[in-house]
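Architecture at a glance
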Amino acid sequence: MAISALGALQTYSDNLRIGVASRYSALLVTWFIEYAVPLIVLSAGLSTALARWPVLIERPRHVVALFIGLVLVFQPAQWLYIAWLRGYLSVTSLGDAWQLLLKMLLVGWFSTTGTFAAILAINYWRQAEKRELAWQRSQTDMLNLRLALEEQRMLALRAQLEPHFLFNALNAISALVRDGDKALALGGIGRLSKLLRYALSASVTNTATVAAELQFVRNYLELQRLRYGERLQVRVEGDSDLLHEVECPPLLLQPLIENALRHDLDCRDGPSDIRLCFERHGDAMCISVTNPVSAQVSPNPGAGLGLANTRARLRLVNPAASLRAGRQGDRFVAEVRLPLTDPD
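Residues numbered from 1 in each chain as written. Predicted model: local features only at pLDDT ≥ 70, side-chain atom pairs only at ≥ 80, totals over all residues. Heavy atoms only, no water.

Ordered in space as β2-β4-β5-β7-β6, the 5 strands form an open sheet in which the pairing is mixed. Sheet topology places β2 (234-237) and β6 (322-328) at the edges, where each strand pairs with a single neighbour. Going across the sheet, the axis of each strand differs from the next one's by a mean of 15°, ignoring polarity. In this structure, β2 lies alongside strand β4 (residues 274-281), joined through 4 bridges in parallel fashion. The partner of Arg 235 across the bridge, within β4, is Arg 275. Contacts from helix α7 (residues 210-228) reach β2, β4, β5 (284-292) and β7 (331-339), with the element oriented near 175° to β4. Running at roughly 20° to β5, helix α8 (residues 253-262) makes contact with β4, β5, β6 and β7 of the sheet. (Pairing = 2+ DSSP bridges. Helix = DSSP H or I, 4+ residues; strand = E, 2+ residues; numbered from the N terminus. Axes fitted to C-alpha atoms, helices over the stretch in contact; angles between N-to-C directions. Contact = heavy atoms within 4.5 Å.)

Here it is as structure tokens:
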């Protein structure tokens, strides 16, 4: 249409200059029929062919061959069409045929080449867009696969952690039964049911608040106190409203407290000295669990099931979260660092 409009305008201007009366609308219709119609046919046919056989333009030599074929087939057909419209086909001799060829030789080259280049560019753009969409789709599929794998890893870790916790809690109650204290054992079973309800609800969520975890730890300590009595002493520091806003993996604190109990009360006589501290350091919440380490007892290596699972679960929930565990002086320290902002 642009070529027809410009061509008709040029013809109209030339007619005005030489004094020939003409109408622009009639010239536009003539140009449209003579030039636009063949180009529409060319565009439709070339687009259909390239959509069906993309191999036609996969390599530069294919493009050159396609253009040569276009010149040899479409260009003569366009000349015959225009000559037919203009009444030039009344050829009676070879001389007339030669004159007709010379007259039509320069007709349509620019528009045909421009149309070929435009269709080629559009087709390349569509192919690039398809490749981009395919790449984005593959990236999305890979991300979904990674998320599914991470969820499976999380479920596997929970499957290890929850029976481990359950067995330890049952051991605490079995110790009461062996001691013959049925009342305390029944009380322990009631507390165990509360702990199990929380553990079951935590098994279907990826995160919990630190405040909820602290309450779970307090219930767990009440259960363990049935076994250890007044020897079990745990000091909690830094309990504040901020703990209701900080998220963490479910069952985060219980393995740390359990390790502290095992390497304090089970390794020496007398009351325990376990400290659970919450403190904000800049943009992170630091949670530390410490217990004394006797010189006669090998230090807690921090490689047990509880600590190993805690490290892995922290990495899955937030790569910026961390757990450091080791001996510091005469105490063993397990410190969890939870960012207060979500990772990018």
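On the surface, a cluster of nonpolar side chains totalling about 380 Å² of accessible area is made up of Val 29, Ile 33, Trp 84 and Leu 85. Among the secondary structure elements, those contributing two or more residues to the nonpolar patch are α2 (24-52) and α3 (60-86). Inspection of the secondary structure assignment puts Trp 84 in helix α3. Residue Trp 84 is classed as exposed on the basis of its relative accessible area, which comes to 56%. (Patch = residues over 30% accessible without salt bridge, like charges linked within 9 Å, V, L, I, M, F, W, Y side chains within 5 Å. Areas by Shrake-Rupley, 256 points an atom, 1.4 Å probe, with all protein chains shown as cover. Salt bridge = Lys/Arg side-chain N within 4 Å of Asp/Glu carboxyl O. Buried < 20%, exposed > 50% of the residue type's maximum accessible area, 1.4 Å probe, protein only.)

Another point: the pairing of β7. In the sheet, β5 pairs with β7 via 9 bridges, with the strands oriented antiparallel. By the bridge assignment, Thr 290 is partnered in β7 with Val 333. As paired elements, β6 and β7 share 7 bridges and run antiparallel to each other. Across the sheet, residue Gln 328 finds its bridge partner in β7, namely Arg 331. Once β6 ends, the chain turns through 2 residues before running back antiparallel as β7, passing Gly 329 with a positive phi of about 70°.

A pair of packed helices can be characterised by two numbers: the angle between their axes and the separation between those axes. Two numbers describe how helix α1 (residues 2-18) lies on α2: the axes approach to 8 Å, and their chain directions differ by 140°. One finds that α1 runs oblique with respect to α2. Of the two elements, α1 crosses α2, and the hand of that crossing is right-handed. In this structure, α1 uses Ile 3, Ser 4, Ala 5, Gly 7, Ala 8, Leu 9, Thr 11, Tyr 12 and Asn 15 to contact α2, whose residues at the interface are Tyr 24, Leu 27, Leu 28, Trp 31, Phe 32, Ala 36 and Leu 39. (Parallel < 35°, antiparallel > 145°, perpendicular 65-115°, else oblique. Left-handed = near helix turned anticlockwise from the far one by under 90°.)

Before going further, it helps to examine α2. An ideal rise of 1.5 Å per residue puts 42 Å on 29 residues; α2 measures up with 40 Å between its terminal C-alpha atoms. Looking only at α2, the buried set comprises Leu 27, Trp 31, Glu 34, Tyr 35, Ala 36, Pro 38, Leu 39, Leu 42, Leu 46, Ala 49 and Leu 50. (Expected span 1.5 Å × (residues − 1).)

Applying the stated criterion to the full structure yields 1 aromatic pair. With a centroid separation of 4.7 Å and an interplanar angle of 25°, the aromatic rings of Tyr 198 and Phe 216 are classed as stacked. A residue pair is termed long-range when its members are at least 10 positions apart, and Tyr 198 in helix α6 (residues 182-202) and Phe 216 in helix α7 qualify at 18 residues. The pair Tyr 198 / Phe 216 is uniform in exposure class, with both members buried. (Phe/Tyr/Trp six-rings, centres within 6.5 Å; stacked < 30°, edge-to-face > 60°.)

Now for the environment of Val 177. Of note, Val 177 is situated in helix α5 (residues 109-178). Considered as a pair, Val 177 and Arg 227 are 50 residues apart in the sequence and their alpha carbons are 10.0 Å apart.

Overall, the prediction assigns the chain a mean pLDDT of 78, with 81% of residues at 70 or greater. Element-level pLDDT for the chain is lowest in helix α4 (residues 94-104), with a mean of 66, against a maximum mean of 94 in β4. For the stretch residues 299-303, pLDDT sits under 50, and the model shows 9 contacts to residues farther than four places along the chain or on other chains. (pLDDT = per-residue confidence, 0-100.)

The residue Gln 233 is located in the loop between α7 and β2 in this model. Sequence-distant contacts of Gln 233, that is, excluding residues within four places in its chain, are made with Pro 271, Ser 272, Asp 273 and Ile 274. For Gln 233, the side chain forms a polar contact with the main-chain oxygen of Glu 230, separated by 2.8 Å. (Polar contact = N/O pair within 3.5 Å; in protein donor to acceptor, adjacent residues only side chain to side chain.)

Moving on: α7. With 19 residues, α7 should reach 27 Å at 1.5 Å per residue; the first-to-last C-alpha distance of 26 Å fits that figure. Among all positions in α7, only Val 210, Ala 211, Glu 213, Leu 214, Phe 216, Val 217, Tyr 220, Leu 221, Leu 223, Gln 224, Leu 226 and Tyr 228 are buried. Gly 229 lies just past α7 and shows a positive phi near 70°.

Attention now moves to the environment of Ala 312. Considering the arrangement of structural elements, one finds Ala 312 in helix α9 (residues 305-317). Counting along the chain gives 10 residues from Ala 312 to Ser 322, while the straight-line C-alpha distance between them is 9.3 Å.

Looking now at the nonpolar core. Counting residues in each nonpolar core, the largest one holds 41 residues, and the members touching the most others are Phe 278, Ile 287 and Leu 338. Among the secondary structure elements, those contributing two or more residues to this core are α6, α7, α8, β4, β5, α9 and β7. Per element, the largest residue contribution to this core is 10 residues, and it comes from α7. Among residues more than four places away in sequence, those in contact with Ile 287 are Val 210, Leu 253, Leu 276, Cys 277, Phe 278, Ala 334, Glu 335, Val 336 and Leu 338. Counting residues in each nonpolar core, the second largest holds 11 residues, with Leu 50, Val 63, Leu 70 and Phe 74 among its members. (Core = buried A, V, L, I, M, F, W, Y, C linked by side-chain atoms within 4.5 Å.)

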